[in-house]
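Residues per chain are reported as follows:
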Amino acid sequence: MSRKGNCLDNAVMENFFGLLKSELLYLQEFRSLDHFKQELVDYLDYYNNRRIKAKLMGLPPALHRQQALSVA
């Protein structure tokens, strides 16, 4: 948790949870807790490995990270 009056510490996580809710939680109904868990795992895989980001030169975050580490 961030210190009082310093909201920037939580900005990244708040942004992620906002995306998670708008792209996963609000778009479908889940049959059970196990169904939700499986959909969450699938979403996290998509978010980290297959999602294309314009800021990352059109690459998914994992591939961009790999390329950055191989150059360094």
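Preceding this section is the structure that the text describes.
Residues numbered from 1 in each chain as written. Predicted model: local features only at pLDDT ≥ 70, side-chain atom pairs only at ≥ 80, totals over all residues. Heavy atoms only, no water.

**Student:** What am I meant to see in unusual backbone geometry here?
**Tutor:** The phi torsion of most residues other than glycine is negative, and most of the peptide bonds are trans. Despite not being glycine, M57 shows a phi value in the positive range, around 60 degrees. Relative to the elements of secondary structure, M57 occurs in the loop between α2 (33–50) and α3 (61–71). Residue class for M57 comes out exposed when judged on its relative accessible area of 66%. (Helix = DSSP H or I, 4+ residues; strand = E, 2+ residues; numbered from the N terminus. Buried < 20%, exposed > 50% of the residue type's maximum accessible area, 1.4 Å probe, protein only.)

**Student:** Help me understand the packing of aromatic side chains in this model?
**Tutor:** Aromatic rings considered in pairs are described by the distance between their centres and by the relative angle of their planes. Applying the stated criterion to the full structure yields 5 aromatic pairs. Each ring, one from F16 and one from Y47, has its centre 5.0 Å from the other, and the planes form 75 degrees; the classification is edge-to-face. Placement of F16 in helix α1 (residues 11–25) and of Y47 in helix α2 is noted, with a sequence separation of 31 residues between them. Here F16 matches Y47 in class, with each residue buried. Plain terms: the ring middles of Y43 and Y46 are 6.1 Å apart, the flat faces sit at 50 degrees to each other, and that makes the pair tilted. Of this pair, Y43 and Y46 both sit in helix α2, 3 residues apart, which is roughly one turn of the helix. Of the residues examined, Y46 reaches a relative accessible area of 34% and is grouped as partly exposed. (Phe/Tyr/Trp six-rings, centres within 6.5 Å; stacked < 30°, edge-to-face > 60°.)

**Student:** Just checking my understanding: could you explain the pattern of salt bridges for this structure?
**Tutor:** Side chains that differ in charge, positive against negative, can pair when their charged atoms come close. Counted according to the given criterion, the structure contains 1 salt bridge. Salt-bridge contacts for R50 lead to D45; the nearest nitrogen and oxygen are separated by 3.2 Å. Judged by its relative accessible area of 48%, R50 falls in the partly exposed class. Its relative accessible area of 34% is what places D45 among the partly exposed residues. (Salt bridge = Lys/Arg side-chain N within 4 Å of Asp/Glu carboxyl O.)

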